[in-house]
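Okay, here's what each chain looks like letter by letter:
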Amino acid sequence: MRTTYELAEELADTARLREQLASAEPEPYWLDDPARPAPLPRLEADVETDLAIVGGGYSGLWTALLAKERDPDRRVVLLEGRRIAWAASGRNGGFCEPSLTHGSSNGKSRLPHEFDRLEELGRENLREIGETIVRYGMDCDWEETGLLQAATAPHHVDWLRESAEEHGARFLDREAMQAEVHSPIFQAGLFEPTGAALVNPAKLAWELRRVCLDLGVEIHEYTHVRSIRSDATSVTLTTTHGSVVAKHVALGTNVFKALIPSARKYTVPVYDYALMTNPLSAEQLESLGWKGRQGISDLDNRFHYSRLTTDANGSTRILYGGYDAVYNYGGRVEPRFDQREESFLKLAAHFAHTYPQLADLGFSHKWGGAIDTCGRFFSFFETAHGGKVAHAAGFTGLGVGATRYGANVMLDLLAGTPTERTTMDFVQKKPTPFPPDPLAFIGARISLSEMARADRNEGKRGLWLRTMDAVGLGFDS
């Protein structure tokens, strides 16, 4: 049985979709902003510091900010190989979710004895993100809208009804769901008021950059760390034009090659793709409903995410992304993979099927980017060089919120004093390593095929997916 989205691809006017996509800018919408801050100078000298941070995405920026809040006198130097937020932190959908475990079912299956506490810590982390944004006056379009899950198949309706009973969320039958968002394929819904906040992801990173600079963090862009070594008292990071000698180092490189070799086997880069529409007219926006501006996701294994955003001119656009999760042979992360016409055509067809009243709207931007996925779908942590270096990665698409929690974990690990965070299995245990290619490539292809088959079979997972679940080796974005 075909899914509604496979039917959409069969019915699509491919020539018209290609024409719509041809005029879309091949770059992330969020980064195509004249307000993007000017680059900061690269490191041109040898420096000594208390804490060095590698990576200028959310993970590194939160670590820098929290380190200065913990100890304002601590010298902190952050090194970014290109520009702040150019990678995943500036390319995502801007969904900031409380979950630290990639959803309740995944968390319960992998860490059942810690799940309830991790849920509390995740909600606390999300609340503290909002409080930080208010405290520092961060202009990043933060909206506490909640999350709306949409059923697009009959078995999804049953799932949502059961989930509502278990979590106390609001179940929406077809009529109630249509009153929220007018889409003919939405058969029911589940509204979680605290399920997600929305943010302009690039603005969040740029505002974190601003706050870090205000607090005294020294940031160097276009500074690629080429090697790391240590002695009894310090760690040395070598870059092209200078070096940093630090008492402690936090690594927030995520999808890129880990500077701790032992951590490399736990993540693979998976490419995700998104479209941004042209501005909606007032009539088009009215035809949608969507007054609550909630983030929306559906329930297939190959899921979509969509949301409203307001541009600098006050016009509303829709971001629509997800579905394909592409692993390229060798685990390569290269600019050429940021554009994938096949994925854009699928998304455009699915968008027109989901919102047929907007079929002629067209798209202003199309882009992709790599996500650091690990086999358990949530972050893991590593220390090295006698505990003077900490590493966090594997956020698997939930890094907008979970990286802040991970930053606190890294700082706790570097402090060397056990805390509730660092003594949990969430931190102490590692995901199952991925095999090398060609096994990883073949396994990813089989997993994607089996995920599609499960979507066609009322979500029932076949032997391959059940086996991967049992060995703790999942594949997702």
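Given the structure is predicted, the values throughout are model-derived calculations rather than measurements.

A. Just the side chain of Thr 309, in detail. Looking at where Thr 309 falls in the secondary structure, it is placed in strand 14 (residues 304-310). Once residues within four sequence positions are removed from consideration, Thr 309 is found in contact with Tyr 29, Trp 30, Met 276, Arg 293, Ser 315, Thr 316 and Arg 317.

B. Examining the state of the cysteines more closely. This model, assessed by the stated rule, comprises 0 disulfides. Not part of a disulfide, Cys 96 finds its nearest cysteine sulfur in Cys 140, a span of 9.3 Å. Free cysteine: Cys 212, not disulfide-bonded; nearest cysteine sulfur from Cys 140 at 13 Å.

C. Representation of the pairing of strand 6 (residues 188-192). Counting buried positions along strand 6 gives 4 out of 5 residues, so the element sits mostly inside the fold. The pairing of strand 4 (residues 147-151) with strand 6 spans 5 bridges and is antiparallel. Looking at the pairing, Leu 147 lines up with Glu 192 of strand 6. Where strand 5 (residues 170-172) and strand 6 come together, 3 bridges link them in antiparallel fashion.

D. The arrangement of helix 10 (residues 341-354) in detail. Here helix 10 spans 20 Å end to end across 14 residues, near enough to the 20 Å set by a 1.5 Å rise per residue. The buried count for helix 10 comes to 10 of 14 residues, which makes it a mostly enclosed element. Of the positions making up helix 10, those classed as buried are Ser 343, Phe 344, Leu 345, Leu 347, Ala 348, Ala 349, His 350, Phe 351, Ala 352 and Thr 354. Residues of helix 10 that are buried sit in contact with helix 1 (4-11), helix 2 (14-22), strand 12 (267-277), strand 14, strand 15 (316-322) and strand 16 (363-374).

E. Spotlight on unusual backbone geometry. With an omega dihedral of 10°, the bond running from Asp 437 to Pro 438 counts as a cis peptide bond. Following the sequence through the fold, Pro 438 ends up in the loop between helix 13 (425-428) and helix 14 (439-456). Here the phi dihedral of Tyr 222 falls at roughly 50°; this positive angle occurs in a residue that is not glycine. Residue position: Tyr 222 is located in the loop between strand 8 (218-220) and strand 9 (225-230). Accessibility expressed as a relative area gives 44% for Tyr 222, which makes it partly exposed. Located in the positive-phi region is Trp 290, a residue other than glycine, with phi close to 55°. Following the sequence through the fold, Trp 290 ends up in the loop between helix 9 (282-288) and strand 13 (295-298).

The rules behind these values
Residues numbered from 1 in each chain as written. Predicted model: local features only at pLDDT ≥ 70, side-chain atom pairs only at ≥ 80, totals over all residues. Heavy atoms only, no water. Helix = DSSP H or I, 4+ residues; strand = E, 2+ residues; numbered from the N terminus. Contact = heavy atoms within 4.5 Å. Disulfide = S-S within 2.5 Å. Buried < 20%, exposed > 50% of the residue type's maximum accessible area, 1.4 Å probe, protein only. Pairing = 2+ DSSP bridges. Expected span 1.5 Å × (residues − 1).

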